Amino acid sequence: MKIVLISTYMQPLALGMRYVSAFLKKSGHQVSCLFMGSEKESEQVVSPALCDDFVDHCRGADVVGFSLMTNSFFRSCAMTEYLRRAGIKAPIVWGGTHPTVAPRESAEHADYICVGEGEKAMVEFLDNLQAGRDPAQTRGFACLRNGGLVCNPVYPLCDDLDEYPFPDYDGDNHWVVQKDRLVEAGPKQIGRILRRYRMSSTRGCPFSCAFCNNATQLNIYREAGFAKHWVRKRSTPSIIAELEAILARYPSITAVNLIDDLFLIRNEQEIEAFVEAYVNRVNLPIEIDAFPNTVTEEKIRIISRLPIELLSMGIQSGSQSMLKDLYNRPT
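Quick caveat: nothing in here was measured; it's all calculated off a predicted structure. Residue positions are counted from 1 within each chain, in the order its sequence is given. Only residues with pLDDT of 70 or above have their local features reported here, since the model is predicted, and side-chain atom pairs are shown and tallied only from 80 upward, although totals for entire chains, interfaces and linings are computed over all residues. With hydrogens and water stripped out, all remaining heavy atoms of the structure feed into the side-chain values.

(A) Representation of the overall build of the protein in the model. Counting secondary structure elements, the protein contains 12 helices and 15 strands. Across its three principal axes, the protein shows a C-alpha extent of roughly 60 × 45 × 40 Å. A 1.4 Å probe rolled over the protein chains alone gives each residue an accessible area, and that area as a share of the maximum for its type sets the label: buried under 20%, exposed over 50%, partly exposed in between. A total of 331 residues make up the protein; the buried ones form 50% of that total. Partitioning the contacts of the protein with sequence separation of at least 6, the portion at a separation of at least 24 is 72%. Note that accessible areas follow from Shrake-Rupley with a 1.4 Å probe, and for residues the cover is restricted to the protein chains shown. Accessible surface, the protein: about 14900 Å² in total, of which carbon and sulfur atoms supply 50%. The numbering of helices and of strands both runs from the N terminus, where a helix is a DSSP run of H or I of at least 4 residues and a strand a run of E of at least 2. Two residues form a contact once any of their heavy atoms are found within 4.5 Å.

(B) Layout of the nonpolar core. Nine residue types can take part in a nonpolar core, namely buried Ala, Val, Leu, Ile, Met, Phe, Trp, Tyr and Cys, and a core is a set of them joined through side-chain atoms within 4.5 Å. Counting 57 residues, the largest nonpolar core has Leu24, Phe274 and Tyr278 as the members making the most contacts within it. Ignoring any residue separated from it by four or fewer positions in sequence, one finds Tyr278 in contact with Ile240, Leu243, Val256, Asn283, Leu284, Pro285, Ile286, Leu306 and Pro307. If you look at the next biggest cluster of nonpolar residues, it comprises 36 residues, including Cys58, Cys77, Met79 and Ile88.

(C) Representation of the pairing of strand 2 (residues 30-35) in the model. Counting buried positions along strand 2 yields 5 of 6 residues, so the element is predominantly enclosed. Two strands make a pair as long as DSSP finds a minimum of two bridges between them. In the sheet, strand 2 pairs with strand 8 (residues 174-178) via 3 bridges, with the strands oriented parallel. Bridging from a neighbouring strand, Phe35 pairs with Val176 of strand 8.

(D) How the structure looks around the packing of helix 1 (residues 15-26) against helix 6 (residues 119-130). For the pair helix 1 and helix 6, the least separation of the axes is 9 Å and the interaxial angle reads 50°. The angle between the axes of helix 1 and helix 6 places the two elements in the oblique class. In the packing of helix 1 onto helix 6, the handedness of the crossing is right-handed. Residues Tyr19, Val20, Phe23 and Leu24 of helix 1 touch helix 6, and the partners they reach there are Glu119, Lys120, Met122, Val123 and Leu126. Partitioned by chemical class, the residues of the contact of helix 1 with helix 6 number 7 nonpolar, no polar and 2 charged. Axis lines are fitted through C-alpha atoms, for helices just across the contact stretch, and the angle between N-to-C directions can take any value from 0 to 180 degrees. Between 65 and 115 degrees an angle is taken as roughly perpendicular, under 35 as roughly parallel, over 145 as roughly antiparallel, and anywhere else as oblique. Two helices cross in a left-handed way if the nearer one is turned anticlockwise from the farther one by less than a right angle. They cross in a right-handed way if the turn is clockwise. Polar here means any residue other than Ala, Val, Leu, Ile, Met, Phe, Trp, Tyr, Cys and Pro, which are nonpolar, and Asp, Glu, Lys and Arg, which are charged; Gly is therefore polar.

(E) Highlighting helix 6. With 12 residues, helix 6 extends 17 Å between its outermost C-alpha atoms, agreeing within 8% with the 16 Å of an ideal straight helix rising 1.5 Å per residue. All of the buried residues along helix 6 are Glu119, Ala121, Met122, Val123, Glu124, Phe125, Leu126 and Asn128. Positioned one or two residues after helix 6, Gly132 has a phi angle of 85°, which is positive. Expected helix span is given by 1.5 Å per residue-to-residue step, counting one fewer step than there are residues.

(F) Structural context of unusual backbone geometry. A positive phi angle is found at Ala14, which is not glycine, with a value near 45°. As for its position among the elements, Ala14 is in the loop between strand 1 (2-7) and helix 1. Backbone geometry at Asn283 places phi at a positive 60°, although glycine is not the residue there. When you line up the elements, Asn283 lands in the loop between helix 10 (268-281) and strand 14 (286-290). Judged by its relative accessible area of 41%, Asn283 falls in the partly exposed class.

(G) Representation of the pattern of salt bridges in the model. The term salt bridge refers to a pairing of a side-chain nitrogen on Lys or Arg with a carboxyl oxygen on Asp or Glu at a separation within 4 Å. In total, this model carries 19 salt bridges according to the counting rule given. Two residues, Arg59 and Asp56, come together in a salt bridge whose shortest N-O distance is 3.5 Å. Across the pair Arg203 and Glu119 runs a salt bridge, and its minimum N-O distance is 2.8 Å. Here Arg203 is found in strand 11 (residues 202-203), whereas its partner Glu119 is found in helix 6, with 84 residues between them in sequence. On the basis of relative accessible area, Arg203 is assigned to the buried category, the value being 15%. The network of salt bridges with shared partners includes Glu117, Glu119, Arg203 and Arg232.

These figures come from the coordinates and say nothing about function on their own.
Below, the structure written as structure tokens:
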């Protein structure tokens, strides 16, 4: 099937959408990615020329998918409406953090909502659509029916993250905004902004801090009986292979940013293996986030061999009662 995926984020990184695109391609679908960035993610206005380009790229698609977070919600609403007014008949699917935590609000604008991780759920959705089955019955999908929200149980989590292909940076049928038009996103265009490579080596978090979307997502998977598989780690060979592949394609990259909530949830042996491989085969400046409860002196001793450019840690409050009673943050 022909799928058009649309990112409404400010920058054309859209890691979640790139994972979905790579998995759809692996499953035999034809995918185009439109990175409809703007200087402000909440900006709704799109120039007439860009709007025409955007609509033209969606014509003939079997499914149009949007990837969004809350700060690009209104932009996604406006662009969905552009497609409606232009007569695009393909089902419109919204996925990402905002549709996952606010499915009812999102379903008022899109035909279908993907809740939670979308790679395998999206393939099942397309299989159902292609076979003439009701796609509203797809695991991990929600939609409005007769004024009410129909929300199916989430798709089971993938235990082995190494089975997913790397995020789609191959540039095939990728388009970015340039001077109010969509142009092909070759290495030259992407290389201008791809200096710090953001990558994910884990998924999930065992903590339920009240201010974090992870808490909401964990509850969704807990209700479906999948909480024990929520925290997952990629292997060191998979991480290093992704980095070597992207560095070969984009020499503009000068640093690596691990966006994991809990990179240091790994034990000392796993961290040692990663550090050894990274220093010998990549060795670019690296940025890591840390959660206090996962830090040990031994882990710090091991990662001190990395070319660390930044190690960030959130300190939400100096009040122990605030951390415990309001934030549910066990630090």
